[in-house]
Amino acid sequence: MIIFRYLTREILLTMAAVAGVLLLVIMGSRFIRYFTDAAEGDIPATILGNLMLFHLPGFLELILPLAFFLGILLAYGQLYLNSEITVLVACGTSPIRLFQISLVPATLVAVLVGLCSMWLTPAGALHNAVMLEEQRSRLDFSALAPGRFQDFGGGRTAYTESFSDDGSRMLEVFISERQRRRDGTPETAVTRAGSGYQTVDPDTGSRFLVLADGERYSVDPGRFEAERLEFETYAVRLSLGGERRELESAEYATTAALLRDDSSRAQAQLQWRLSLPLMVFILTLMAMPLSRVNPRQGRFAKLLPAIFLHVCYLSLLLAALDAIGRGTLPAAIGMWPIHLVFLALGLGLMMHHQRRGMR
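Remember, it's a predicted structure, so these values are computed and weren't measured experimentally.

A. Representation of the pattern of salt bridges within the structure. Using the criterion set out here, one finds 5 salt bridges in the structure. Salt-bridge contacts for R192 lead to E215; the nearest nitrogen and oxygen are separated by 3.1 Å. Of this pair, R192 sits in strand β4 (residues 186-200) while E215 is found in strand β5 (residues 207-219), placing the two residues 23 residues apart along the sequence. Connected through salt bridges with shared partners, the residues E172, R192 and E215 form a single ionic network.

Okay, structure coming up:
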């Protein structure tokens, strides 16, 4: 038990350090992308925290297998440099026994990865997709930056000079909309108002932008006439109550729904979700022999070949995911040959490692 606790602690601590660095880099890159969109007015800055939080499971399902793989390499590599593995083997602890000890933290990591890939990642991806779709499909003045013209899609461009002190009301509002009349002819409607605020109808759930003290102009391209409307209060409906675009991609489907779906895209996504926790055990098998280093080489001697193996493994799985989804690779074959190839490679390395270790 002392050896088990010691080795498990070394592996998990190293894995946590590697995972922390990788997570910081990946989340930082994604945050910069979202922050750029927020600065350009595409999304409100208030939802950045939610977007990053719900992206976290998707990051972890890819980071944890690699971090655990590198954790074993670095932890056991350090033990080889300190001759601790040599002492353990001399005392009767075989490489197979070390592998059995490593399977315990590997099982814990595989459970976490499976929890992310099977449940948390699709739920988080769906939440973020719906949130971003709602922001793109409607004019939400929470995304407006004062003093800038901003395009909100659907032919809408909006401008506000400033906000009230409590941020609930826009001041000096300008909205340009490209739309069509009932007879199909295009027109451009320009609305200017002294102030405006957003409200939701409690009966229908529809959302309105209420403008006050302004004018609305309707202009047809090619005509020298325009319609002018003065108003004290003018309400623009931004969205209908309960209006939401259905996202039916297999990426957002629950695992239970994928099990009931026989389509190629559903089967590709299901096999991908099952492959990630399975990959943890196969990487553990390969990491054990790869962690053996000569004290003169240093603990990083086999790090580059090991990372190359992981990249090849993950790239082949992604290629199979795309091929199954397009129907060029039968789902019955799927990703399983890739796992078998790397499993055979790991077993071969492990048998060679066992013979060297016992000598």
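B. Looking closely at the side chain of R30. Inspection of the secondary structure puts R30 in helix α1 (residues 2-39). In this structure R30 is buried but unpaired, with E251 as the nearest side chain of opposite charge at 8.6 Å. Once residues lying within four places of it in the same chain are set aside, the contact partners of R30 are M52, H55 and F59.

C. Molecular detail of unusual backbone geometry. Located in the positive-phi region is E172, a residue other than glycine, with phi close to 55°. If you trace the backbone, E172 turns up in strand β3 (residues 170-180).

D. Summary view of the side chain of T14. Following the sequence through the fold, T14 ends up in helix α1. Accessibility expressed as a relative area gives 15% for T14, which makes it buried. In this structure T14 touches L70, G71, L74 and A75, once residues within four positions along its chain are discounted.

E. View of the nonpolar core. Counting residues in hydrophobic clusters, the biggest one holds 65 residues, and the most contacted among them are I43, F68, L73, Y76 and Y313. Going through the elements one at a time, α1, α2 (48-81), α3 (84-90), α4 (95-137), α6 (264-290), α7 (303-326) and α8 (336-358) are the ones with two or more residues in this core. Per-element tally for this core: the top contributor is α2, with 18 residues. Here L73 is in contact with A287, L290, S291, L303 and A306, once residues within four sequence places are set aside. By size, the runner-up hydrophobic cluster in this structure holds 9 residues, among which are M170, V173, F231 and V236.

F. Highlighting the packing of aromatic side chains. Taken as a whole and judged by the stated rule, the model has 5 aromatic pairs. Following the ring pairs from residue to residue traces out a cluster consisting of F149, Y159 and F174.

G. Main features of the UniProt feature "transmembrane region" (unreviewed entry) in the chain. Per the UniProt annotation, the sites labelled "transmembrane region" (unreviewed entry) are residues 12-32, 52-77, 98-120, 270-291, 303-321 and 333-351. Within the segment residues 98-120, helix and strand shares are 100% and 0% respectively, and the terminal C-alpha atoms sit 32 Å apart.

H. Geometry of α7. The end-to-end C-alpha distance of α7 is 35 Å, a good match for the 34 Å that 24 residues give at a rise of 1.5 Å each. For α7, the full list of buried residues reads L303, A306, L309, H310, Y313, L314, L317, A320, L321, A323, I324 and G325. G327, located one to two residues past α7, shows a positive phi value of around 90°.

I. Spatial organisation of the packing of α2 against α7. The N-to-C vectors of α2 and α7 enclose an angle of 155°; their axes lie 11 Å apart at closest approach. Comparing their axes, α7 and α2 come out roughly antiparallel. α7 is crossed by α2, and the crossing has right-handed handedness. Between α2 and α7, the residues in contact are L62, L66, F69, L70, L73 and L74 and L303, A306, I307, H310 and L314, respectively. Of the residues contributing to the contact of α2 with α7, the split by class is 10 nonpolar, 1 polar and no charged.

J. Up close: α6. In this model α6 runs 36 Å from its N-terminal to its C-terminal C-alpha over 27 residues, within 8% of the 39 Å that 1.5 Å per residue would give. Of all bends in α6, the biggest is about 35°, found at L276, and the proline P277 comes one to four residues later. Of all 27 residues in α6, 22 are buried, a share of seventy percent or more.

K. Spatial organisation of the environment of T233. Note on placement: T233 falls in strand β6 (residues 226-239). Judged by relative accessible area, T233 falls into the exposed class, the value being 58%. Residues T233 and V210, 23 residues apart in the sequence, show an inter-C-alpha distance of 6.8 Å.

L. Examining the packing of α6 against α7 more closely. Following both chains from N to C, one finds α6 and α7 inclined at 165°, their axes separated by 10 Å at the closest point. Between α6 and α7, the angle is such that the two are roughly antiparallel. Considering the relative orientation of α6 and α7, their crossing is right-handed. Where α6 abuts α7, its residues S264, R265, A268, Q269, Q271, W272, S275, M279, I282, L283, M286 and L290 lie against A306, L309, H310, Y313, L314, L317, L318, L321, I324 and G325. Counted by class, the contact of α6 with α7 contains 15 nonpolar, 6 polar and 1 charged residues.

Calculation criteria
Residues numbered from 1 in each chain as written. Predicted model: local features only at pLDDT ≥ 70, side-chain atom pairs only at ≥ 80, totals over all residues. Heavy atoms only, no water. Salt bridge = Lys/Arg side-chain N within 4 Å of Asp/Glu carboxyl O. Helix = DSSP H or I, 4+ residues; strand = E, 2+ residues; numbered from the N terminus. Buried < 20%, exposed > 50% of the residue type's maximum accessible area, 1.4 Å probe, protein only. Lys, Arg positive; Asp, Glu negative; His and termini not counted. Contact = heavy atoms within 4.5 Å. Core = buried A, V, L, I, M, F, W, Y, C linked by side-chain atoms within 4.5 Å. Phe/Tyr/Trp six-rings, centres within 6.5 Å; stacked < 30°, edge-to-face > 60°. UniProt positions renumbered as here; feature names shortened; annotations may be inferred. Expected span 1.5 Å × (residues − 1). Axes fitted to C-alpha atoms, helices over the stretch in contact; angles between N-to-C directions. Parallel < 35°, antiparallel > 145°, perpendicular 65-115°, else oblique. Left-handed = near helix turned anticlockwise from the far one by under 90°. Nonpolar A, V, L, I, M, F, W, Y, C, P; charged D, E, K, R; others polar. Bend = angle between axes of the 7 residues up to and from the residue.

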